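# Tertiary structure, described
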Amino acid sequence: MTELVAADIGGTHARFALARIDAAGHVAALDEPVVMRCADHASLQMAWEAFGAALARPLPRAAAIAVAGPVVGDELKLTNNPWVIRPALVPEKLGVDAHVLVNDFEAVAHAVAACPADAFRHICGPDRPLPARGTISVVGPGTGLGVGLLVNMDGMGWQVVPTEGSHGDFSPTDAIDDAILRHCRKRFGRVSAERVVSGPGLAEIHAALAALEGRAIQPM
């Protein structure tokens, strides 16, 4: 049994938990996560050290880290978080001998591919099982908007495709969408999908609808 730290680094929160992996590479156990506000820590290293202090024990020397941003190049700049992660320095900064860095919705897509049917909860739309082949979109709004893909076109198993699909343009389809676009364009210039489909996007939609109806709002 191998023990490692599983970390999910988002725009607002960082989550750390101890995981135990069996000989087949499957997660045998996952502890409850310790959740921290990213704004309370200057870097991944400082949050990592705070997690170790919270556990009051030495941390495993292996880590699996999912980050909210593209995992390419010598510096990882998170989309909605000022932290900068340099992959080459992770072993030194975190004191690990082995680690993997992946996009956060790449990690979620891997989970979707691995989880049994009873792990999913139907929310809306047609209530039917996930398809056995084709393409599945994995989408999640938070501080930003995460998007990943699962692709199985040849029946040989699911392949995970990390994307930055949330940065495509917001495309209005009616007059209300047009009003939301005008409101967001005044604030941001270019308006991507995640400007609307996200936690902060709720505040922008609220402000746009209030302006459309001539109502006052309390700015957030």
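Report follows, based on the coordinates. (Residues numbered from 1 in each chain as written. Predicted model: local features only at pLDDT ≥ 70, side-chain atom pairs only at ≥ 80, totals over all residues. Heavy atoms only, no water.)

## Comments concerning the nonpolar core
Basically, it comes down to this: Side-chain atoms within 4.5 Å link the members of a nonpolar core, which is a set of buried Ala, Val, Leu, Ile, Met, Phe, Trp, Tyr and Cys residues. Relative accessibility under 20% of the residue-type maximum defines a buried residue, over 50% an exposed one, and the middle range a partly exposed one, all with a 1.4 Å probe and only protein chains included. What counts as a helix is a DSSP run of H or I of at least four residues, what counts as a strand is a run of E of at least two, and both are numbered from the N terminus. Contacts are assigned to residue pairs with any non-hydrogen atoms lying within 4.5 Å of each other.
With 24 residues, the main nonpolar core has I9, F16, L44, W48, I65 and I85 as its most contacted residues. For this core, the elements supplying multiple residues, two or more each, are strand 1 (2–9), strand 2 (13–21), helix 1 (44–55), strand 5 (62–67) and helix 2 (90–94). In terms of residue count, helix 1 provides more of this core than any other element does, four residues in total. Excluding anything up to four places from it in sequence, I65 contacts A7, I9, L44, L94, V100, L101 and V102.

## Some thoughts on the pairing of strand 5
For the record, the criterion: Only when DSSP finds a minimum of two bridges between them are two strands counted as paired.
Counted residue by residue, strand 5 has five buried out of six residues, so it is predominantly covered. Relative to strand 5, strand 1 runs parallel, the two being bridged by five bridges. For I9, the partnering residue across the bridge sits in strand 5 and is V67.

## Here we look at the environment of E204
Convention followed: Pairs of N or O atoms within 3.5 Å make up the polar contacts considered here, provided that, within protein, one atom can donate a hydrogen while the other can accept it, and that residues adjacent in sequence are counted only when both atoms are side-chain atoms.
Mapped onto the secondary structure, E204 falls in helix 5 (residues 199–212). Sequence-wise, E204 and M153 are 51 residues apart; in three dimensions their C-alpha atoms are separated by 38 Å. Those residues in contact with E204 that lie beyond four places of it in its chain are H183, C184, R187, F188 and R195. Within polar-contact distance, the side chain of E204 engages the side chain of H183 at 2.8 Å.

## Some thoughts on the environment of W158
Residue placement: W158 occurs in the loop between strand 10 (145–152) and strand 11 (159–162). Separated by 46 residues in sequence, W158 and E204 have C-alpha atoms that sit 36 Å apart. Discounting residues that sit within four places of it in the chain, W158 has contacts with A113, P131, A132, R133, G134, I136, L150, V151 and N152.

By themselves, these observations are geometric and do not establish any function.
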